[in-house]
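Analysis of the macromolecular model
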Amino acid sequence: MKIAMIGTGYVGLVSGVCFSDFGHDVVCVDKDPAKLDLLNRGEVPIYEPGLDALMAKNVEAGRLSFTGDLKDAVAGADAVFIAVGTPTRRGDGHADLTYVYAAAEEIAHAVSDYTVVVTKSTVPVGTNRQVKQVIRKAAPDLDFDVASNPEFLREGAAIDDFMRPDRVVVGVQSDRAAEVMAEIYRPLFLRDFPIMTTDLESAEMIKYAANAFLATKITFINEIAALCERTGANVKSVSKGIGLDGRIGNKFLHAGPGYGGSCFPKDTKALARIGQEHAIPMQITETVIKVNEEVKRSMIDKVVDICDGNVNGKIIAVLGVTFKPNTDDMRDAPSLTIVPALVGGGAKVRVVDPQGKHEGEALLPGVNWSDDAYKAVQNADAVVIMTEWNEFRALDLKKIAKRMASPRMADLRNVYSIKEAKRAGFEAYVSIGREGFGND
């Protein structure tokens with residue numbers, strides 16, 4: 001089938017590349033000449049493990065191309081996917097649908113034969129019906145259908161998520177559109193991955209409900225972690241104990257400095273706003289948003305406490321600033337709350353992150369970047385593990401401690417244990433939801 005993908009951001013590029021690997025003819029459209037230049041040179045503008053090789057494979061096979069010409073891209077397409085940004089709108093917390101509606105209108109003027117216009121972007125309930133109205137107004141005689149096909153891609157594991165999904169959700173209004181979508185996802189159907197077909201509104205709601213629930217699990221275990229610290233319980237044991245319950249499951253029960261990224265912050269705010277608009281307050285989701293911000297701020301106190309209550313003039317090495325490992329995404333990362341607070345308190349912050357510097361340089365002014373953890377901790381007063389990149393999971397802690405002026409660690413991802421920290425010679429160690437030592 002021929003597919004046009006409007007937008008080459010994270011969702012659009014990963015989806016376009018993976019669809020081409022299914023054997024479809026895919027043209028990805030973007031208005032940014034610099035990004036198109038990168039893509040046409042075979043370079044990937046985002047960091048996602050394996051994406052560069054998969055993209056090169058399908059470009060070479062002639063199934064994948066990139067262009068700025070939307071009209072040419074959608075000509076003869078069986079389906080046109082809208083995968084543009086839906087950022088949180090300033091002032092009211094609602095998803096900004098400006099780019100979605102603009103893309104819909106452009107598509108209306110560009111297509112001529114029957115086409116299924118598929119919204120891949122995360123959009124509030126009712127948006128696809130609005131997309132249909134936008135297209136119908138711009139092209140009253142056009143033969144088309146709309147469909148909702150939300151994405152469930154985890155950054156750092158997006159290709160595997162696309163190729164081996166827990167489920168594919170498709171919202172449609174007609175059998176004809178359902179048949180087109182079934183053909184697009186036929187390679188997954190043949191391997192018995194669940195393809196769920198439903199109505200437009202349910203498909204839209206599934207995405208928000210899923211992300212809000214996962215954000216709730218993260219926030220719940222972070223609250224339990226705080227209680228564990230006061231009571232002497234160990235949150236890792238608690239997480240394992242409740243995660244073994246099949247009704248709960250063990251995923252997203254890892255205590256840390258709060259959730260961030262491109263989805264959870266934006267989607268929880270949008271769901272809360274949708275509830276307000278329909279006079280059904282999403283009280284749990286609203287509380288999750290509030291508590292998550294409090295969790296991020298509480299991490300600042302942990303670092304300050306381990307520095308004897310004052311970071312002014314202290315050298316602090318921060319390991320990891322992206323919101324999670326295996327991505328270069330800094331959106332709503334806990335580091336954007338914690339690091340500026342340390343800098344504002346007079347700390348001299350050194351940052352190490354395998355992929356975070358490209359975005360982080362502009363977002364974290366006043367820090368010094370290093371490419372090596374052992375260099376960053378030289379004569380440091382404290383080291384903070386902010387993101388659990390693999391290279392930070394197996395550090396030589398004795399080597400780290402010896403290089404520091406004052407060997408103290410704030411392990412905000414529970415990578416190490418008290419025993420390991422003591423054995424390595426650390427004077428103080430704190431983590432999340434577990435007992436620490438030092439600074440008593």
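Each value, and the rule that gives it
- Residues numbered from 1 in each chain as written.
- Predicted model: local features only at pLDDT ≥ 70, side-chain atom pairs only at ≥ 80, totals over all residues.
- Heavy atoms only, no water.
- Helix = DSSP H or I, 4+ residues; strand = E, 2+ residues; numbered from the N terminus.
- Rg over C-alpha atoms; globule rule 2.2 N^0.38 Å.
- Buried < 20%, exposed > 50% of the residue type's maximum accessible area, 1.4 Å probe, protein only.
- Contact = heavy atoms within 4.5 Å.
- Salt bridge = Lys/Arg side-chain N within 4 Å of Asp/Glu carboxyl O.
- Pairing = 2+ DSSP bridges.
- Right-handed = clockwise from strand over helix to strand, strands pointing away.
- Axes fitted to C-alpha atoms, helices over the stretch in contact; angles between N-to-C directions.
- Expected span 1.5 Å × (residues − 1).
- Arc of directions from axis to C-beta.
- Left-handed = near helix turned anticlockwise from the far one by under 90°.
- Nonpolar A, V, L, I, M, F, W, Y, C, P; charged D, E, K, R; others polar.

Okay, the overall build of the protein next. Counting its regular elements, the protein contains 18 helices and 14 strands. Whereas a compact globule of 440 residues would reach a radius of gyration of roughly 22 Å, the protein reaches 24 Å, a difference of no more than 12%. Looking at the protein as a whole, 52% of its 440 residues are labelled buried. Sequence separation of at least 24 residues holds for 72% of the intrachain contacts in the protein that already meet a minimum separation of 6.

Further remarks concern the pattern of salt bridges. Enumeration over the complete set of coordinates arrives at 20 salt bridges. The partner of E201 in a salt bridge is R129, with the nearest N and O atoms 2.3 Å apart. In this pair, E201 is assigned in helix 10 (residues 200-231) and R129 in helix 6 (residues 127-138), connecting sequence segments 72 residues apart. The class of E201 is partly exposed, set by a relative accessible area of 23%. For R154, the salt bridge goes to D161, with nearest N and O atoms at 2.8 Å. Under the relative-accessibility criterion, R154 is labelled partly exposed at 42%.

Along strand 13 (residues 408-411), one buried face is formed by R408 and A410 and the opposite face, lined by M409 and D411, is buried too. Pairing geometry for strand 12 (residues 382-385) and strand 13, over 3 bridges, is parallel. Residue pairing in the sheet places V384 in a bridge with A410 of strand 13. Note on the crossover from strand 12 through helix 17 (residues 397-403) to strand 13: the handedness is right-handed. Looking at chain direction, strand 13 and strand 14 (residues 428-430) are connected through 3 bridges and run parallel. Opposite A410, over in strand 14, you have V430 as the bridge partner. Regarding the hand of the β-α-β motif, the stretch spanning strand 13, helix 18 (residues 418-424) and strand 14 is right-handed.

Taken in spatial order, the 6 strands line up as 11-10-9-12-13-14 in an open sheet, and their pairing is parallel. In this open sheet, the two strands that pair with only one neighbour each are strand 11 (368-370) and strand 14. On average, each strand axis in the sheet is inclined to that of its neighbour by 20°, with strand direction left out of account. Bridging between strand 9 (residues 315-319) and strand 10 (residues 348-352) involves 5 bridges; their strand directions are parallel. Across the sheet, residue I316 finds its bridge partner in strand 10, namely V349.

For the rest of this paragraph, the subject is unusual backbone geometry. At F252, a residue that is not glycine, the phi angle is positive and equals roughly 65°. Relative to the assigned elements, F252 resides in the loop between helix 11 (235-243) and helix 12 (264-277). One non-glycine residue with positive phi stands out, namely D332, at about 55°. Mapped onto the elements, D332 comes out in the loop between strand 9 and helix 14 (335-344). On the accessibility criterion, D332 (34% relative accessible area) is partly exposed.

Quick look at helix 5 (residues 98-110) now. Helical geometry note: an α-helix holds 3.6 residues per turn, so side chains three or four residues apart project in the same direction. Compared with an ideal rise of 1.5 Å per residue, which puts 13 residues at 18 Å, helix 5 spans 19 Å between its outermost C-alpha atoms and is within 8% of the ideal. Taken together, the buried positions of helix 5 are occupied by V100, A103, A104, I107, A108 and A110. Looking down the long axis of helix 5, one finds its buried residues gathered within 165° of arc, a one-sided arrangement. Turning to helix 5, the residues buried within the fold contact strand 1 (2-6), helix 4 (70-74), strand 4 (79-82), strand 5 (115-119) and helix 6.

When two helices pack together, their arrangement is given by the angle between the helix axes and by the axis-to-axis distance. Running from amino to carboxyl end, helix 12 crosses helix 13 (residues 283-306) at an angle of 145°, the nearest separation of the two axes being 9 Å. Helix 13 is crossed by helix 12, and the crossing has left-handed handedness. Across the interface between the two elements, T268, K269, L271, A272 and Q276 from helix 12 touch T285, E286 and I289 from helix 13. Looking at the contact of helix 12 with helix 13, its residues break down into 3 nonpolar, 3 polar and 2 charged.

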